[in-house]
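# Understanding the architecture of this molecule
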Amino acid sequence: MLIYLIIVLLFCAIYPLVPRKHIKWLFIALVLALSIMAFFAVPKDTDDLYNYFRTLAKLRRGGFKCLRRMIENGEEHWNLLPVCGFYFYFVSLFPNNGMLAATTIFLAYGSMFWVLWKAAQRYEVNKWYLFLSSFFILSTYWFYDICSGVRNGLAFTLFCFFAYIELAEKKFKPLCWLGYIAICMMHSSGILMMIIRIALLISGKRGGKLVSVLIFFAMVVGGAFMPRLGEITNIEYLTLISEKAERAVSTAGTYSNTQYIVNISVFLVSALVFIYMAYAVNKQKEKYGSFSEYMNFVQLIIFFMLGSVTFGLTFIRFARWVIPAVIAPVFMVGMQANSSEKDEILAGGGGRKSIIKSGMTVSSNEIIINFCFVAYTVVHMWYACNGTSLIWLKFK
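These remarks concern the structure in this document.

Basis of the calculations
Residues numbered from 1 in each chain as written. Predicted model: local features only at pLDDT ≥ 70, side-chain atom pairs only at ≥ 80, totals over all residues. Heavy atoms only, no water. Helix = DSSP H or I, 4+ residues; strand = E, 2+ residues; numbered from the N terminus. Contact = heavy atoms within 4.5 Å. Areas by Shrake-Rupley, 256 points an atom, 1.4 Å probe, with all protein chains shown as cover. Core = buried A, V, L, I, M, F, W, Y, C linked by side-chain atoms within 4.5 Å. Buried < 20%, exposed > 50% of the residue type's maximum accessible area, 1.4 Å probe, protein only. Phe/Tyr/Trp six-rings, centres within 6.5 Å; stacked < 30°, edge-to-face > 60°. Lys NZ or Arg CZ within 6 Å of the ring centre and 35° of its normal. Polar contact = N/O pair within 3.5 Å; in protein donor to acceptor, adjacent residues only side chain to side chain. Patch = residues over 30% accessible without salt bridge, like charges linked within 9 Å, V, L, I, M, F, W, Y side chains within 5 Å. Salt bridge = Lys/Arg side-chain N within 4 Å of Asp/Glu carboxyl O.

### Considering the overall build of the protein
Of regular secondary structure, the protein possesses 18 helices and 0 strands. Counting only contacts in the protein whose residues sit at least 6 apart along the sequence, the fraction spanning at least 24 positions is 78%. Only carbon and sulfur atoms are counted for the fraction: they give 67% of the accessible area of the protein, which is about 17,900 Å².

Laid out in structure tokens, this is it:
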């Protein structure tokens, strides 16, 4: 925990000294530092990472033949999730088990900070807003959970990465869809993100409010139906999803502790941030119109989470790995749109009194949101260092 906090504090201290155009190099240094820290992490024997180390050792001994045999025999469900098998096989080519956590952290944090940098460049985001979004990720994204759990968190985060490229950057659409499919073959939870993406496709570019409501009710009803899916089908992939859904529903009552309450708070704060940022972006359609489809994607995620709030495992995983990845770019682009509106008001015509009043309203909103966002993120950072799985992080 202490090393993570030191890395974050160093990032915060160095950030103001780095020119805006060179922030990407600071992001690269940050991601490498987190990856090196993950490399030296030592899992407890109850952690998933401990069992994954055994799998890596098995793959090193048996090589590609072992991977093929494990896929054919359905070990680790790799017959249904072959991308996961190939990922583990790739990591097993390195002599040290620490490469699994290091590679996972590099891909997860690297993809999130790449999105922040690209969005900051595309929408000319202020350096301060870029910092706040970066700090939000460092504060709310559960480092050791993905470091140990690997598959689920990585699948969610990379799906958000591909979604940004496709929906905001408007690039590589076929490759992004191949990425979505690959993620579904890495971890079964990827199908949840795929459902959201397909719902957006059905709703069209406007993202329809009706589809958002349908997503909410589909999650409420689906939560009761999905665990029984395995009883009515022999399709192995659907049976696997059914098993995972049953686990999510059965653990719903076990998350009444502080961690679950904190995840609820992250969701509520993020939902409020999204509502205001959607309003700000919508008022600046001419400049930020290309971001609207990505905003619609995030809107569906929020309604999906609202419908899954009673399904502990599903909800907390979205709160820990999806919300930080999607709300961070939404916040900074939305705040930049708000700032652009203020500049337009002050530069526009009309009565002087009306200009001052409108400008003060937008400025007041900006100050209040900044203060509340900073306050919450700092408090959550304190909690991350004292109440999350970071406290279990040990090193060689």
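### So, the nonpolar core
If you look at the biggest cluster of nonpolar residues, it comprises 138 residues, and the most contacted ones within it are Y109 and F143. Ranked by the residues each element gives to this core, the list is headed by helix α17 (residues 312-347), at 18 residues. Sequence-distant contacts of Y109, defined by excluding residues within four places in its chain, comprise Y4, V31, L34, I137, L138, Y141 and F143.

### Here we look at the packing of aromatic side chains
Overall, the coordinates contain 34 aromatic pairs when judged by the stated rule. Against the face of Y15 rests K127, its NZ or CZ located 5.4 Å from the ring centre. Just above the ring of W142 sits the side chain of R320; from NZ or CZ to the centre is 3.6 Å.

### Things to note about helix α4 (residues 82-92)
Most of α4 sits inside the fold, with 8 of its 11 residues counted as buried. Among the residues making up α4, those that are buried are P82, C84, G85, Y87, F88, Y89, V91 and S92. At its buried positions, α4 is contacted by α3 (48-73), α5 (98-122) and α8 (151-167).

### A word on the side chain of S111
Inspection of the secondary structure assignment puts S111 in helix α5. A distance of 2.8 Å separates the side chain of S111 from the backbone oxygen of A108, its partner in a polar contact. With residues near it in sequence (within four places) discarded, S111 still touches F106, T157, L158 and F161.

### Description of the side chain of Q336
One can find Q336 in helix α17. Judged by relative accessible area, Q336 falls into the buried class, the value being 11%. For Q336, the contacting residues outside a window of four places in its chain are Y123, E124, V125, N126, Y129 and Y288.

### Describing a nonpolar patch on the surface
A cluster of nonpolar side chains, contributed by W25, I28, L32, I36, F40, F106 and L107, occupies part of the molecular surface with about 660 Å² of accessible area. Only α2 (23-39) and α5 provide two or more residues apiece to the nonpolar patch. Of all the elements, α2 adds the most residues to the nonpolar patch, at 4 residues. One can find L107 in helix α5.

### Comments concerning the pattern of salt bridges
Counting across every chain of the model gives 8 salt bridges. Of the charged contacts in the structure, one is a salt bridge between E124 and K287, with a shortest N-O distance of 3.8 Å. Within this pair, whereas E124 is found in the loop between α5 and α6 (127-140), its partner K287 is found in helix α15 (residues 285-288), the two being separated by 163 residues in sequence. E124 gets classed as exposed once you look at its relative accessible area, which sits at 54%. Given a relative accessible area of 44%, K287 falls into the partly exposed group. Across the pair K173 and E166 runs a salt bridge, and its minimum N-O distance is 2.7 Å. Among the residues examined, K173 registers a relative accessible area of 42% and is labelled partly exposed.

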